[in-house]
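So you can see what is in the structure, the chains are spelled out below.
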Amino acid sequence: MEGQNMSKVVLLACGSFNPITNMHLRMFELARDHLEDTGRYSVIKGIISPVSDGYKKKGLIEACHRVEMARLATENSQWITVDSWECLQPEWVETLKVIRHHYEEQMAAEQNEDDVDTVRYAKKRRYLEGTTHLKIRECPQLMMLCGADVLESFVIPNLWKQDDIAEILGRYGLVCITRSGSDPYKFIHQSDLLWKYRKNIHVVPEWVTNEISATHVRQALRRGQSVRYLLPDDVVQYIQEHQLYNSDTEQKNADVILAPLQRYTGASSS
Ligand SMILES: Nc1ncnc2c1ncn2[C@@H]1O[C@H](COP(=O)(O)OP(=O)(O)OP(=O)(O)O)[C@@H](O)[C@H]1O
Ligand SMILES: NC(=O)c1ccc[n+]([C@@H]2O[C@H](COP(=O)(O)O)[C@@H](O)[C@H]2O)c1
Ligand SMILES: [Zn+2]
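My aim in this report is to walk through the structure given alongside it, one point at a time. Just so it is clear, the model here is predicted, and its values are computed rather than measured.

Here is what the cut-offs are and how they apply
Residues numbered from 1 in each chain as written. Chains lettered and ligands numbered in written order. Predicted model: local features only at pLDDT ≥ 70, side-chain atom pairs only at ≥ 80, totals over all residues. Heavy atoms only, no water. Near = heavy atom within 4 Å. Polar contact = N/O pair within 3.5 Å; in protein donor to acceptor, adjacent residues only side chain to side chain. Helix = DSSP H or I, 4+ residues; strand = E, 2+ residues; numbered from the N terminus. Nonpolar A, V, L, I, M, F, W, Y, C, P; charged D, E, K, R; others polar. Axes fitted to C-alpha atoms, helices over the stretch in contact; angles between N-to-C directions. Parallel < 35°, antiparallel > 145°, perpendicular 65-115°, else oblique. Left-handed = near helix turned anticlockwise from the far one by under 90°. Contact = heavy atoms within 4.5 Å. Areas by Shrake-Rupley, 256 points an atom, 1.4 Å probe, with all protein chains shown as cover. Buried < 20%, exposed > 50% of the residue type's maximum accessible area, 1.4 Å probe, protein only. Arc of directions from axis to C-beta.

## Thoughts on the site of ligand 2
Point 1. Taken together, 13 residues are adjacent to ligand 2, and S16, Y55, K57, W92 and L159 come closest.
Point 2. One of the side-chain N or O atoms of Y264 is found 3.5 Å from a nitrogen atom in ligand 2.
Point 3. Elements supplying a minimum of two residues to the shell around ligand 2: β1 (7–15) and α12 (259–265).
Point 4. Taken together, the residues of the shell around ligand 2 break down into eight nonpolar, three polar and two charged.

Structure, rendered in structure tokens:
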């Protein structure tokens, strides 16, 4: 039976989503098609996790608005959801810890299903005896989903811990969508760490290149230009109702060092 050897996958995308764009949603669809086309995976869920305000990225507006816009954007999706655990944390949280959190949540959800179905649980226990973590077929695998710019940021000094990258790639896996101007294959080739884990990095070529970026959207909004069809209509309406992006909001955190750089260099903002 074909489906039996397929791994269930949950895709987790971390980022600013400031604001969420149609391209963020396309990322999930592209990743699911790519993974399922291999015949090895069945993608059961996508999670969008907006970063907390503590990330201190320039122009980052309050998490409550970013979460609400992501919620509106995914209302019609049968499988993409938004999760606010990360942005409710008092400080910025390393992506590896966000991944671990969601992996544990998935495990707990599986356990609950087993608890209500004891026959299934007994079968599963028999199956799992003697298998390693990676061989478990019934438990969903959690993979990080990102654009090529995030993969390329792995080599920026003091931004990511090498141990974190090794665990993200080695234990969980990464799906990377190409962006024009980026060459993830070259990057993987140039980095010994990425090369070591290359089999766990799924590069998804975006043939219909789409350079929508949240930066461009915020710029258009500051200039009073239309952003319709770059974002879902409900998100455009929400931005207008709450007058979210202007030249003042773009100056937020302008003099502040990004949280990971602060943490790993010991630098603090003035
Ligand atoms: N056009 C795109 N193609 C591929 N990946 C994308 C694209 N836009 C965003 N992403 C990915 O979406 C995730 C969240 O990105 P982010 O919130 O920074 O959006 P962004 O559009 O890059 O915003 P900004 O311009 O503010 O950096 C990241 O993994 C990023 O690489
Ligand atoms: N060391 C780390 O774990 C680390 C470093 C830099 C960015 N990140 C994450 O990557 C994402 C990047 O988002 P942006 O592309 O919007 O900056 C955010 O979710 C951020 O938390 C993680
Ligand atoms: Zn970005």
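Once you've had a look at it, read on.
## A look at the packing of helix α2 (residues 63–74) against helix α10 (residues 233–242)
Helix-helix packing is characterised by the crossing angle of the two axes and by the distance between the axes.
Point 1. The geometry of α2 relative to α10 is characterised by a closest axis approach of 8 Å and an angle of 150° between their N-to-C directions. Comparing the axis directions of α2 and α10 gives the class roughly antiparallel. Seen along the crossing, α2 lies across α10 with a hand that is right-handed. Every residue of α10 that contacts α2 at H65, E68, M69, L72 and A73 is listed here: D234, V235, Y238, I239 and H242.
Point 2. Residue classes in the contact of α2 with α10 are distributed as six nonpolar, two polar and two charged.

## Focus: the site of ligand 1
Point 1. The full set close to ligand 1 counts 18 residues, and F17, H24, D149, A214 and T215 are the nearest of them.
Point 2. Contacts to ligand 1 include N210, whose backbone N or O atom sits 3.0 Å from a nitrogen atom.
Point 3. One of the side-chain N or O atoms of T215 is found 2.4 Å from an oxygen atom in ligand 1.
Point 4. Protein contact buries 93% of the 590 Å² of open area that ligand 1 shows by itself.
Point 5. For the shell around ligand 1, the secondary-structure elements that each account for two or more residues are α1 (22–37), β4 (141–147), α5 (148–153) and α9 (214–222).
Point 6. For the shell around ligand 1, the residue count by class is seven nonpolar, seven polar and four charged.

## With respect to the environment of S77
Point 1. With respect to the helices and strands, the residue S77 is situated in the loop between α2 and β3 (80–82).
Point 2. In this structure, the C-alpha to C-alpha distance between S77 and P19, residues 58 residues apart in sequence, is 18 Å.
Point 3. Within polar-contact distance, the side chain of S77 engages the backbone nitrogen of W79 at 3.1 Å.

## Topic: α10
Point 1. Those residues of α10 lying buried are V235, V236, Y238 and I239. Down the axis of α10, the buried side of the element spans an arc of 160°, and every buried residue falls inside it. Facing away from the buried side of α10 by more than 90 degrees, the exposed set consists of Q240 and E241.
Point 2. Here the buried face of α10 lies against α2 and α9.
Point 3. One or two residues past the end of α10 sits Q243, with phi positive at roughly 45°.

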